[in-house]
Amino acid sequence: MIDELILHIGMPKTGTTSIQRALNAVRGGADWTYLDLNPPHSANPVILRAHGGIAPVSVHPGPRGAQSPQAAHAHLTHALKSVRTPRAILSAEVMMRLPPAAVASLLDHLSQHARSIRAIAYIRPPLSFITSYVQQFYKTGHAPLADVLRRAQRPITADAALWDHALGREHVHFLPFARETFLDGSVVQHFAETLQLGPLPEQKQNANVSLSDEATRLMVQFRRHHPVRHPNDGRILHRLSKLRGSPFRLHAECLAQAQSMANATYAWAEERMKWEMCEGSSKPSPRAIREDADFQDILPETLNWLSEQTSCDATQLQNDPEAIAKAVSLLRDRPTGQSTVGRLARRLRLA
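Okay, so let's go over this structure. (Residues numbered from 1 in each chain as written. Predicted model: local features only at pLDDT ≥ 70, side-chain atom pairs only at ≥ 80, totals over all residues. Heavy atoms only, no water.)

### Comments concerning the side chain of Ser 307
Tracing the sequence through the fold places Ser 307 in helix H13 (residues 300–310). Apart from the residues lying within four places of it in its own chain, the contact partners of Ser 307 are Cys 312, Asp 313, Ala 314 and Leu 317. (Helix = DSSP H or I, 4+ residues; strand = E, 2+ residues; numbered from the N terminus. Contact = heavy atoms within 4.5 Å.)

Next up, the structure:
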């Protein structure tokens, strides 16, 4: 039986994917094992199926051995029984937002294989989280901006209180997600140091591709016409990440409705974490997104860049969202990051 099981429960948009990839790269240390349920990605599909009863979905099918709630439950049990070290780590950001019944079911399952359980989560300031969430959403799907904002504005305090109640406050550790306080700005190394895991391999790049404001606008036009994810959509994101420019910003009017929720989060963080959250005061941007129509306001130089990348006529892209979406889709057709040697080898294989 595991002496101590550590649950890394999120929250989303706090470097969770980078932490999981680093853990997956080493799999364990002298006294700990990483429960790698769905390498190299998150254990979310397994947790959701085993204790949320959610059916498989095509985009995130999860491991082959966990395609049903029963199989996912067995998959998790096998991983727990296979641990041969005193400590084990299970990481899945979905755990932070499970409903009460699912949390109780999960903890009952885990407690059959661990003498003690504690949880750790990084907390991100709410307005910063909302901006990051909105951009991330449009990388993978499409919905009216108002709907995306509503999804992003779910209070974290209720989720935190649920875990405090389930495990006891002394067994739940909430940490500030403040990169400026991390050594070299690395949440991966901060996580490793906090849990005394030893050094973890640093990720060469952010696991979630960051897009500039203009690149985000192009992605939104693409998603409006192609809302269903494609296996090679990562190529589009990689290519769009090369389009430099100002960072993505939401207008103050978009964030106004979230201010009361944010204020409650600030008060909770000060009481629960002894952390005085600071969102920072960014300069107002004249191109900050206020409504859906703003996503169609794309600079001429951006359309020129897209034209150069795809050989589409820049004049035909002006004021034509459908043509822009089609041009962005062409970014998927050319593999990214392939060296000259790699291209030659591919030609030889095809010859």
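We are not done yet, so read on.
### Quick look at helix H7 (residues 156–167)
Relative to the 16 Å expected for 12 residues at 1.5 Å per residue, H7 spans 17 Å between its end C-alpha atoms, a close match to the ideal helical length. Taken residue by residue, H7 has Ile 156, Asp 159, Ala 160, Leu 162, Trp 163, Asp 164 and Leu 167 as its buried positions. Looking at the packing, one finds that the buried side of H7 touches strand S1 (2–8), helix H4 (100–111), strand S4 (114–123), strand S5 (172–176) and helix H12 (259–272). One or two steps after H7, the chain reaches Gly 168, where phi turns positive at roughly 90°. (Expected span 1.5 Å × (residues − 1). Buried < 20%, exposed > 50% of the residue type's maximum accessible area, 1.4 Å probe, protein only.)

### Re the nonpolar core
Counting residues in hydrophobic clusters, the biggest one holds 67 residues, and the most contacted among them are Leu 7, Ile 47, Leu 90, Met 95, Ile 123, Ile 130 and Trp 163. For this core, the element with the highest residue contribution is helix H5 (residues 126–140), accounting for six residues. Contacts of Met 95, omitting those with residues within four sequence positions, involve Leu 7, His 8, Ile 9, Ile 47, Leu 90, Leu 106 and Trp 163. Ranked by size, the runner-up nonpolar core spans 19 residues in total, among them Leu 175, Val 188, Phe 191 and Leu 195. (Core = buried A, V, L, I, M, F, W, Y, C linked by side-chain atoms within 4.5 Å.)

### Let's talk about the packing of aromatic side chains
Summed over the entire model, instances satisfying the criterion amount to six aromatic pairs. An angle of 70° between the planes, with centres 5.4 Å apart, marks the rings of Phe 174 and Trp 268 as edge-to-face. Placement of Phe 174 in strand S5 and of Trp 268 in helix H12 is noted, with a sequence separation of 94 residues between them. Neither Phe 174 nor Trp 268 differs from the other in exposure class; each is buried. (Phe/Tyr/Trp six-rings, centres within 6.5 Å; stacked < 30°, edge-to-face > 60°.)

### A look at the pattern of salt bridges
In total, this model carries 16 salt bridges according to the counting rule given. Residue Asp 233 is joined to Arg 332 by a salt bridge in which the shortest nitrogen-to-oxygen separation is 2.9 Å. With Asp 233 in helix H10 (residues 233–240) and Arg 332 in the loop between helix H15 (321–330) and helix H16 (340–350), this pair connects stretches of sequence that are 99 residues apart. With respect to burial, Asp 233 and Arg 332 carry one shared label: buried. Among the salt bridges present, the one from Arg 290 reaches Glu 253, with a minimum N-O distance of 2.7 Å. Remark: Glu 253 occurs in helix H11 (residues 252–256) and Arg 290 occurs in the loop between H12 and H13; sequence separation between them is 37 residues. By sharing partners, the salt bridges in this structure join Asp 213, Glu 214, Arg 217, Arg 287 and Asp 297 into a single network. (Salt bridge = Lys/Arg side-chain N within 4 Å of Asp/Glu carboxyl O.)

### Details of the pairing of S4
Of all 10 residues in S4, seven are buried; the element is thus mostly enclosed. Bridging between S1 and S4 involves six bridges; their strand directions are parallel. Among the inter-strand pairings, Ile 2 is bridged to a residue of S4, identified as Ala 114. Relative to S5, S4 runs parallel, the two sharing five bridges. The residue bridging Ala 121 from the neighbouring strand is Phe 174, located in S5. (Pairing = 2+ DSSP bridges.)

### Describing the environment of Leu 127
With respect to the helices, strands and loops of the structure, Leu 127 is situated in helix H5. Along the primary structure Leu 127 and Ala 256 are separated by 129 residues, whereas in three dimensions their C-alpha atoms are 9.7 Å apart.

### Description of the environment of Ile 236
Note on placement: Ile 236 falls in helix H10. Separated by 94 residues in sequence, Ile 236 and Leu 330 have C-alpha atoms that sit 8.2 Å apart. Excluding its chain neighbours within four sequence positions, the residues that come into contact with Ile 236 are Met 219, Phe 222, Val 328, Ser 329, Leu 331 and Arg 332.

### Some details on unusual backbone geometry
The phi torsion of most residues other than glycine is negative, and most of the peptide bonds are trans. The peptide bond linking Gly 10 to Met 11 adopts the cis configuration, its omega dihedral lying at -5°. As for its position among the elements, Met 11 is in the loop between S1 and helix H1 (16–26). For Lys 13, which is not glycine, the phi torsion reads 65° and is therefore positive. Backbone geometry at Arg 27 places phi at a positive 70°, although glycine is not the residue there.

### As for the side chain of Arg 272
Relative to the helices and strands, Arg 272 resides in helix H12. Overall, Arg 272 belongs to the buried group, its relative accessible area being 13%. Engagement of the side chain of Arg 272 in a polar contact is seen with the backbone oxygen of Arg 169, the distance being 3.3 Å. Look past the residues within four positions of Arg 272 in its chain and what remains in contact with it is Asp 164, Arg 169, Val 172 and Phe 174. (Polar contact = N/O pair within 3.5 Å; in protein donor to acceptor, adjacent residues only side chain to side chain.)

### Here's the deal with the sheet that holds strand S2 (residues 32–34)
Backbone-to-backbone hydrogen bonds join strands into a sheet, with any given pair of strands oriented parallel or antiparallel. Taken in spatial order, the five strands make up an open sheet running S2-S3-S1-S4-S5, and their pairing is parallel. Of all the strands in the sheet, the pair left with one neighbour each is S2 and S5. The average angle at which neighbouring strand axes cross in this sheet is 20°, direction not considered. The pairing of S2 with strand S3 (residues 87–91) spans three bridges and is classified as parallel. Bridged to Tyr 34 within S3 is Ile 89. On top of the sheet, H1 reaches S1, S2, S3 and S4; it is set at about 115° to S2, its chief contact. The strands touched by H4 are S1, S3 and S4; relative to S4, the strand with the most contacts, the crossing angle is about 135°. (Axes fitted to C-alpha atoms, helices over the stretch in contact; angles between N-to-C directions.)

The analysis is restricted to geometry; functional conclusions fall outside its scope.
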